[in-house]
Amino acid sequence: MATSEKSRGNWNSKLGFILAAAGSAVGLGNIWGFPSQVADNGGAAFIVIYLLCCLIIGLPVMIAELAVGRYSKKNPVGAFRSVSSSWFAPLIGFWGVICGVMILSFYLVVAGWTAGYVFEEIFFFMGYPELASWFGQLDNGLKNAIFSVLFMLATIAIITGGVSNGIEKATKLLMPLLIFILGMMILYVLTLEGSAEGVRVYLRPDFSSINTDLVFSAMGQAFFSLSLGMGALITYGSYLSKKQNLVESATYVTLADVGIAFMAGFLIIPAMYVAQSSGVQIFDADGNLFASTTLVFNVLPEMFHNMGGIGLIAGVMFFVLLGMAALTSTISLLEVPVAYMIDEHNVSRKQAAWSIGGLIMFFAVIVSFYIGLIDLLVVIFNNIGLPLGGLMICVVVGYLWKTESALKEISHGFENVENTWFAPLWSFFIKVICPLVIGLVFISTIYNIFN
Ligand code: PHE
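The sections below set out a description of the structure shown in this document.

Reading guide: rules and limits
- Throughout, a residue's number is its position along its own chain's written sequence, starting from 1.
- Where local features are concerned, this predicted model is filtered to residues with pLDDT of at least 70; where side-chain atom pairs are given and counted, the filter is 80 or more; whole-chain, interface and lining totals use all residues.
- Excluding hydrogens and water, the side-chain values take into account all heavy atoms of the structure.
- Any residue with a heavy atom positioned within 4 Å of a molecule or strand is treated as near that molecule or strand.
- Contacts described as polar in this section are N or O atom pairs within 3.5 Å, which, within protein, must combine one atom able to donate a hydrogen with one able to accept it, while residues neighboring in sequence count only if both atoms come from side chains.
- Only the protein chains shown count as cover for residues, and the accessible areas themselves come from Shrake-Rupley with a 1.4 Å probe.
- Numbered from the N terminus, helices here are DSSP runs of H or I no shorter than four residues, and strands are runs of E no shorter than two.
- Note on residue classes: Ala, Val, Leu, Ile, Met, Phe, Trp, Tyr, Cys and Pro are nonpolar, Asp, Glu, Lys and Arg are charged, and everything else, Gly too, is polar.
- Burial classification: accessible surface area is computed with a 1.4 Å probe over protein chains only, and a residue below 20% of its type maximum counts as buried, one above 50% as exposed, and the rest as partly exposed.
- The salt bridge definition used is simple: a Lys or Arg side-chain nitrogen within 4 Å of an Asp or Glu carboxyl oxygen.
- Contacts: residue pairs with any heavy atoms within 4.5 Å of one another.
- Fitted lines through C-alpha atoms serve as axes, helices being fitted only where they are in contact, and the angles separating the N-to-C directions of these axes extend from 0 to 180 degrees.
- Oblique is the label for any angle not covered by the other classes, which are roughly parallel (under 35 degrees), roughly antiparallel (over 145) and roughly perpendicular (65 to 115).
- A crossing counts as left-handed when the near helix is turned anticlockwise from the far one by less than a right angle, and as right-handed when that turn is clockwise.
- Note on ring pairs: Phe, Tyr and Trp rings are taken, using the six-membered ring of Trp, and paired if centres are within 6.5 Å. Classes follow the plane angle, with under 30 degrees stacked, over 60 edge-to-face and the rest tilted.
- For this text, the term disulfide refers to a pair of cysteine sulfurs within 2.5 Å.

**Some remarks on the site of the ligand**
And then number 1: Inspection of the region around the ligand gives 15 residues, with Ala-25, Gly-29, Tyr-107, Phe-224 and Ser-227 positioned closest.
And then number 2: Ser-225 places a main-chain nitrogen or oxygen 3.1 Å from a nitrogen atom of the ligand.
And then number 3: Here the ligand loses 100% of its free accessible area of 320 Å² to cover by the protein chains.
And then number 4: Going through the elements one at a time, α1 (14–25), α2 (28–40), α10 (212–225) and α14 (309–345) are the ones with two or more residues in the shell around the ligand.
And then number 5: Residue composition of the shell around the ligand, grouped by class: seven nonpolar, eight polar and no charged.

**Description of unusual backbone geometry**
The phi torsion of most residues other than glycine is negative, and most of the peptide bonds are trans.
And then number 1: Phi at Asn-346 takes a positive value of approximately 60°, unusual for a residue other than glycine.
And then number 2: With respect to the secondary-structure elements, Asn-346 resides in the loop between α14 and α15 (349–369).
And then number 3: Judged by relative accessible area, Asn-346 falls into the exposed class, the value being 61%.
And then number 4: Of note in the backbone geometry, Lys-402 takes a positive phi value of approximately 85° without being a glycine.

**A few points about the pattern of salt bridges**
And then number 1: Throughout the structure, instances matching the rule amount to six salt bridges.
And then number 2: We note a salt bridge from Arg-349 to Glu-335, for which the minimum N-O separation is 2.8 Å. You can see Arg-349 sitting in helix α15 and its partner Glu-335 sitting in helix α14, a full 14 residues away along the chain. Across the pair, Glu-335 and Arg-349 agree in class, each one buried.
And then number 3: Look at the salt bridges and you will find they share partners, linking Arg-70, Lys-242 and Glu-409 into a network.

**Points about helix α4 (residues 76–83)**
And then number 1: In terms of burial, α4 is a largely internal element, six of the eight residues being buried.
And then number 2: Among the residues making up α4, those that are buried are Pro-76, Val-77, Gly-78, Ala-79, Phe-80 and Val-83.
And then number 3: On the buried face of α4, the contacting elements are α3 (44–72), α5 (89–126), α11 (232–237), α14 and α16 (373–410).
And then number 4: Of the residues that open α4, the one with a side-chain oxygen 2.9 Å from the backbone nitrogen of Val-77 is Asn-75.

**Some remarks on the packing of α1 against helix α12 (residues 246–277)**
And then number 1: Viewed as axis vectors pointing N to C, α1 and α12 meet at an angle of 40°, and their least axial separation amounts to 9 Å. When the interaxial angle is binned, α1 and α12 end up oblique. As α1 packs across α12, the resulting crossing turns out to be right-handed. Note on element contacts: α12 touches α1 through Glu-248, Ser-249, Tyr-252, Val-253 and Asp-257, opposite Lys-14, Phe-17, Ile-18, Ala-21, Ala-22 and Ala-25.
And then number 2: Split by residue class, the contact of α1 with α12 holds seven nonpolar, one polar and three charged.

**A closer look at the packing of aromatic side chains**
And then number 1: Tallied over the entire structure, the rule returns 30 aromatic pairs.
And then number 2: A centroid spacing of 5.9 Å and a plane angle of 45° characterise the contact between Phe-304 and Phe-318, whose relative ring orientation is tilted. In this pair, Phe-304 is assigned in helix α13 (residues 295–305) and Phe-318 in helix α14, connecting sequence segments 14 residues apart.
And then number 3: By way of ring pairs, the aromatic residues Trp-113, Tyr-117, Phe-297, Phe-304, Phe-318 and Phe-319 are connected into one cluster.

**Section: the state of the cysteines**
And then number 1: Counting across every chain of the model gives zero disulfides.
And then number 2: Residue Cys-53 stays outside any disulfide, its sulfur separated by 7.0 Å from that of Cys-54, the closest cysteine.
And then number 3: On the accessibility criterion, Cys-53 (8% relative accessible area) is buried.
And then number 4: With no disulfide partner, Cys-394 has as its closest neighbouring cysteine sulfur the one in Cys-434, 4.6 Å distant.

Right, here's the structure in full:
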């Protein structure tokens, strides 16, 4: 084996791990993905299904991933090998590594948009509108490529520094700041004309709009936002100490992630309607969103620009924080293939980060020039890839490793868990409910496509 126990690294503290895992979860998925999906899927009904997916499927799967990771102390490929002797178990881990690489390829481009908008805001308020609008161009391939490469370089720099330095420290400060600025902006947006309509759309569910497509998107969004299904939390779990209570940690991370997504929706959806009432076109004649991928970036800067001087501070702070939230997620996305290379292919952390990072940078440059690819990659690797990974994780933990063994791992840090109500409930979810629901959603989606 390439690495000894001590060179793998560890989280420094209990809170440190929760923050790092929450840092992985909270990112563009919450502030870019969630509100666009809500808007795309007709509002509040999506939120209800999304919340159910997070609690019924996401939380149990998260606990399973952490248990597998901490038990095996390995990357996803090695981790599945150590909990099951079946030939296909490591392939599940490998699928996760591929999803990580491909998701990061488009994630970097969106993260690059965020970084670009920091400059857009600065130049706008300094009175250079042309320069500002260059930085705000979402379809400028060269600009996208430059920013996504810069973003990747920052990610690689942190990854080569190891797991606890950097990741832990950065999140401790950034998360509360992000919540604060989101809160302030929500208060502000609610004072603007048109926002009431947005709040209504956001909070009043129209259950008749629930269909297979909506459930499929909500499930994919839940997996993406909670960083599940590709082994990111197996990898983070592999740096965990036996003292940590996995159930408690997973619950905190889920709540933080869902809470921040909900807040972001409270900002973006009303802001959409504010923009609309000031003449920006959001919907086409059929009532469909113009472009959900770029929605957040079309709506928010418009609002900052109309805020006067304070808009400069709010805009810059918002995009800096969003960029930071994206960075703590790109770190966890890159950490999966890097841990795989270190454990399985005997290379140093530095070599792994640069080689895999370089490959992903190359993909990101391609996506930079063809941003239409983002939608396609989201469907394949996010909406299909992650829940599929989650389904397979449930099968391995439930039937090959067995939930009894997993519960034994969970009992470190959660004494006597075997004798609590949690044990049978969680086992039932991992063995039956989660695979069944994910499977049914897949089958009905496929059925729908062919009918
Ligand atoms: N959860 C991250 C976000 O919401 C994205 C992510 C997905 C990170 C999968 C790691 C693994 O932005």
